[in-house]
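Residue-level listing of the chains:
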Amino acid sequence: MTSDTVILEARDLQKRFGAVVAAQDINVKVASGEKLSLIGANGAGKTTFMNMVTGYLKPDSGAILLEGGDVTKLNPRQITQRGVCRSFQIPQLYEPMTALENVMVAIGASGRRFSFFQPADLNETVEQARAMLKRFALDPYAHRPVSELPGGVRKLLDIAMALVRNPKILLLDEPTSGVSVDEKFPLMETVMEALAAEAVTVIFVEHDMDIVTRYSDRVLAFYQGQVIADDDPSEVLSDPAVQKYVTGTAGPATAPAGAEKEAEA
Amino acid sequence: MHASTRRTYLSGLILAAALLVVGFLLPAWLLFTVTKAIGYGLVALGIITLMRGGLVSFGQGLVYCIGAYAAGLLATRIGVTEAPLLLLVGMVASGLVGLLVGPLIARYRGIFFAMLTVALSMVLYGILVKMNAIGGSDGFTLPEPTFFGWQPDVGTSDLALYVTAVIVACAAATACRLYYDSMAGMMALAVRENELRVEYLGSSVFNVTVRNFAIAAALGGLGGSLNAMALGHIDPLFSFWTTSGEFVFISVLAGHLSVGAVFVSALILELVRSFSNRYFPETWQMIIGIFLIATIIFLPGGVGSLFQRVLKRGPAAGRGESAENEGRAAP
Ligand SMILES: Nc1ncnc2c1ncn2[C@@H]1O[C@H](COP(=O)(O)OP(=O)(O)O)[C@@H](O)[C@H]1O
Ligand SMILES: [Mg+2]
């Protein structure tokens, strides 16, 4: 799957919020088709990284290149139109609408033009929306208002909406958070199955190291806004600094008190 | 043609036909009241279009007044008295103003957006009051309108204008219904629910807002030019904030679910106003207030939610338009 072409590059990204360093010296090259996971305790800067890549936050300095072109100054809409789509740590849905309608809006938004006098629920739109729901095993929820749906279902729907555009890069912010432990693997399995047919590059934030090991080609470990490790899952997870600051698996003598809890939160 | 599109056109036609027949049975005073209510309803139709995109304008008097003055000046200065032409000019003039003003205020939300619209309408009011060349605070009188060259006599002119109003209102309501049910209309509902996600799906919140504002402005101008002809006299009060307040009242009473409800609500307002003026002077604002409170408490989706309950539309036709959520803040 992974090729040598660099699809996304972050160069020297810096971002501060007052005294908080949310990103420091971030240099990352992502290869096309790669499955990259981001790990790190809460507040380490993972979401900030995604927010900068998608244009929601402007870095204080540094650049973001998409397929070699500078996209640092673009806004989320323009980034989305260039094929970088994302899901959110807290699913961003249209609450009173049904799951089907949520996907229909995503389809509408990805069309170049839409008629004012043709109904939104044209057969082809509805069929396309249903097919997308089915890919994520969401068809039983098609006609339920999303505000009534359980957490895992909302997570999947959030991802399904991001996938409507057939993005080149898909960013998933904690796809399995807020889901019970035994649901995490099936959920991730559903996501990866839905993506299997696509040559999409996936960057996802994950706290469960078993999922990280199973589903990523490469791992970036964040700590206080910096990337402290960038390698294969096995290499990163055996790195002493990562064990100390991220996974809390370095043993009681070196792990900071509560580090594990923090990482899981 | 899609089944729901055909149903919308048919409903528009049937309603227009029924209202035209009714027009020949109504007494003259009621014809005038209904025509004026249709003018108000058109402005409110614009407001509910905005409401569907998450915004309320408290200054629609601005476009109502511009439509009225555009029609009035055309009639008095250039001598055009053709009703259809005056309506068209009122609509286009306000629509253009909407297209100009829209981009300037489309980034504001909530109370800021609402107050900016009020401010603009009050600026227009202030200017018109000072413009003695076009009547200042007294305004001016319009000549009787003609209809395709035909000048109706005093007895039939109310009916002629009523017929025109019904046709215009049914066409506008049909067009709005088609827009609301379209993907573009669904996008407006999405903007109201979650702007961030709309942008993150690659669609422009700004475009949706400007579009809705321009549509609302055009409808406001249409209502203004119609009422200029119905009343036969216009003055700067068309742009006063209390006038805008009445439009908001009609819109809240109607809710944004049904395009017909705005006209029913406008008629309720007009009837309450004329009856209380006749039988209980100086009380109509109080009665209107009670109406509004009752609506917000017992019918948060507005009069339109009653229609929907009666008509029982299909599951896909709801399109996230829950009446229950209206008027209440999300947790
Ligand atoms: N918009 C913001 N304003 C102020 N501080 C922020 C903002 N976004 C993130 N931060 C801060 O930046 C740091 C990194 O946050 P974030 O990227 O959300 O971490 P993570 O996703 O790894 O948990 C945190 O200390 C957080 O409080
Ligand atoms: Mg985060």
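Residues numbered from 1 in each chain as written. Chains lettered and ligands numbered in written order. Predicted model: local features only at pLDDT ≥ 70, side-chain atom pairs only at ≥ 80, totals over all residues. Heavy atoms only, no water.

(A) How the structure looks around the overall build of chain A. A tally of helices and strands in chain A yields ten helices and ten strands. Computed over its C-alpha atoms, the radius of gyration of chain A comes to 19 Å, within 12% of the 18 Å expected for a compact globule of 265 residues. Considered along the principal axes of its C-alpha atoms, chain A spans approximately 65 × 40 × 40 Å. Burial analysis of chain A (265 residues in total) assigns 55% to the buried set. Put simply, 67% of the contacts in chain A that link residues at least 6 apart link residues at least 24 apart. One way to put it: in chain A the 26 positive side-chain charges average out to a point 7 Å from where the 35 negative ones average out. (Helix = DSSP H or I, 4+ residues; strand = E, 2+ residues; numbered from the N terminus. Rg over C-alpha atoms; globule rule 2.2 N^0.38 Å. Buried < 20%, exposed > 50% of the residue type's maximum accessible area, 1.4 Å probe, protein only. Contact = heavy atoms within 4.5 Å. Lys, Arg positive; Asp, Glu negative; His and termini not counted. Charge placed at Lys NZ, Arg CZ, Asp CG, Glu CD.)

(B) Focus on the nonpolar core. Core analysis: the biggest nonpolar cluster contains 128 residues, and A:Val103, A:Phe136, A:Leu157, A:Leu170, B:Ile38, B:Leu42 and B:Leu45 have the highest contact counts within it. Ranked by the residues each element gives to this core, the list is headed by helix H6 (residues 154-181) of chain B, at 14 residues. Within the second largest apolar cluster, 28 residues are counted, among which are A:Ile7, A:Met52, A:Ile79 and A:Ile169. (Core = buried A, V, L, I, M, F, W, Y, C linked by side-chain atoms within 4.5 Å.)

(C) How the structure looks around the domain arrangement of chain A. Residues and elements named next belong to chain A. Taken domain by domain, chain A consists of domain 1 (6-83 + 167-264) and domain 2 (94-166). Between domain 1 and domain 2, the C-alpha centre-to-centre distance is 26 Å. With 17 residues of domain 1 in contact, the opposing surface of domain 2 contributes ten residues. Taken together, both faces of the contact between domain 1 and domain 2 bury some 1,200 Å²; the carbon and sulfur share is 68%. Counting across the interface, domain 1 meets domain 2 through three residue pairs in polar contact (both at pLDDT 80 or more). Elements with a contribution of two residues or more to the side of domain 1 that touches domain 2: helix H2 (76-81), strand S7 (169-172) and helix H6 (181-196). (Domains from an automatic or database assignment. Buried area = accessible area lost by both parts, 1.4 Å probe. Polar contact = N/O pair within 3.5 Å; in protein donor to acceptor, adjacent residues only side chain to side chain.)

(D) Region of interest: unusual backbone geometry. Not every positive phi belongs to a glycine, and A:Gln224 is a case in point at roughly 50 degrees. Structurally, A:Gln224 can be placed in the loop between strand S9 (218-223) and strand S10 (226-231).

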